[in-house]
Structures are given as C-alpha cells and as structure tokens.
Amino acid sequence: MCIRDSRYTVREYGLTLFGPPPVTLIDPVSADDVRAATAGVLRSWWGTPEAEAYIRDAPPLALALYVVPTMCRALYALEHGRVISKPAACRWALATLDARRYVLIEQSLARQLDESLTSEMIAFVQYVTTAA
C-alpha cells in the first residue's frame, strides 16, 4: 500500500483515539489518486518476476490471507477509486468477476488454499496487474 492509499484509509476509516478526527487533519484523496496509487503498486511489485516467485514459494495460508484479498481490493480500487476492506473486496469480486475466479476467491475466504491453485493465483495476479 502506498502513502495515498494509507492516507485515504486513515481519513475515511480511521478511529479517533485522542485529538481531532482524521478527516479534519487529512485532505481528501481523489478517486484518481487512489487509482494511480493502486496502479503504481501493481506495476512496481505485483507485475514483477519476483512477485511470481513469492507466490510460488509462499505458504498457501499466507496467499489466502494476503495475495487474493489484496488483488480483489486492487481491482475494486481501480474500478471505484476508493479503498474498502479485503473481505468486502472479495465479496464484491465474487459478485462481479468472471466465474473462473470464483473458486480461488472462495477458497481464499475460507482459508483453504493449497498448492493446486498456485497457477490460478499467478494468473489472477497477472490479470489484475494488466488491469492497471
């Protein structure tokens, strides 16, 4: 996540523990800025051979908890210009994306990914990075 995504998340969803609310301290982050930041992260890391190697070597639970939800969130941010939670992004993806992504996302939500879906996960990451 880059600084613009972080600023957006803190401004829109941050909880005030002490002092003024974050919305009064952080300027609005435009939808175009969210899209640009998301595309930048996708291109600079997820679209690289190193990211593919990471996916091949990572334990399936790490992939279920991080990679698939991150890609769903990135797609949502690219389309809508705002950041939502990873579970909400996965539910959105299930309702929106092509049915061939359904098993991967469902298994991720259920934390039941295994090595048999590694190729599908790499294809999903490539699909998302191409969307950027």
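See the structure shown above.
In what follows, the accompanying structure is described. On a predicted model such as this, the values are computed, not experimentally measured, just so you know.

## Things to note about the pattern of salt bridges
Thought 1: Within the structure shown, the criterion is met by five salt bridges.
Thought 2: For Arg11, the salt bridge identified is with Glu12, shortest N-O distance 2.9 Å.
Thought 3: Across the pair Arg56 and Glu52 runs a salt bridge, and its minimum N-O distance is 3.0 Å. Of the two residues, Arg56 and Glu52 are both situated in helix 3 (residues 49-57); the distance of four residues between them amounts to about one turn of the helix.

## Looking at helix 5 (residues 86-96)
Thought 1: Taken as a whole, helix 5 has its buried residues at Ala89, Cys90, Trp92 and Ala93. Seen from one end, helix 5 has its buried residues packed into an arc of 160 degrees, which puts them on one side. What points out from helix 5, more than 90 degrees from its buried face, is the exposed set Arg91 and Ala95.
Thought 2: Where helix 5 is buried, its residues contact helix 4 (60-80) and helix 6 (102-109).
Thought 3: Its side-chain oxygen 3.1 Å from the backbone nitrogen of Ala88, Ser85 forms the N-cap of helix 5.

Parameters and conventions
Residues numbered from 1 in each chain as written. Predicted model: local features only at pLDDT ≥ 70, side-chain atom pairs only at ≥ 80, totals over all residues. Heavy atoms only, no water. Salt bridge = Lys/Arg side-chain N within 4 Å of Asp/Glu carboxyl O. Helix = DSSP H or I, 4+ residues; strand = E, 2+ residues; numbered from the N terminus. Buried < 20%, exposed > 50% of the residue type's maximum accessible area, 1.4 Å probe, protein only. Arc of directions from axis to C-beta. Contact = heavy atoms within 4.5 Å. Polar contact = N/O pair within 3.5 Å; in protein donor to acceptor, adjacent residues only side chain to side chain.

In short, shape yes, function no, at least from these values alone.
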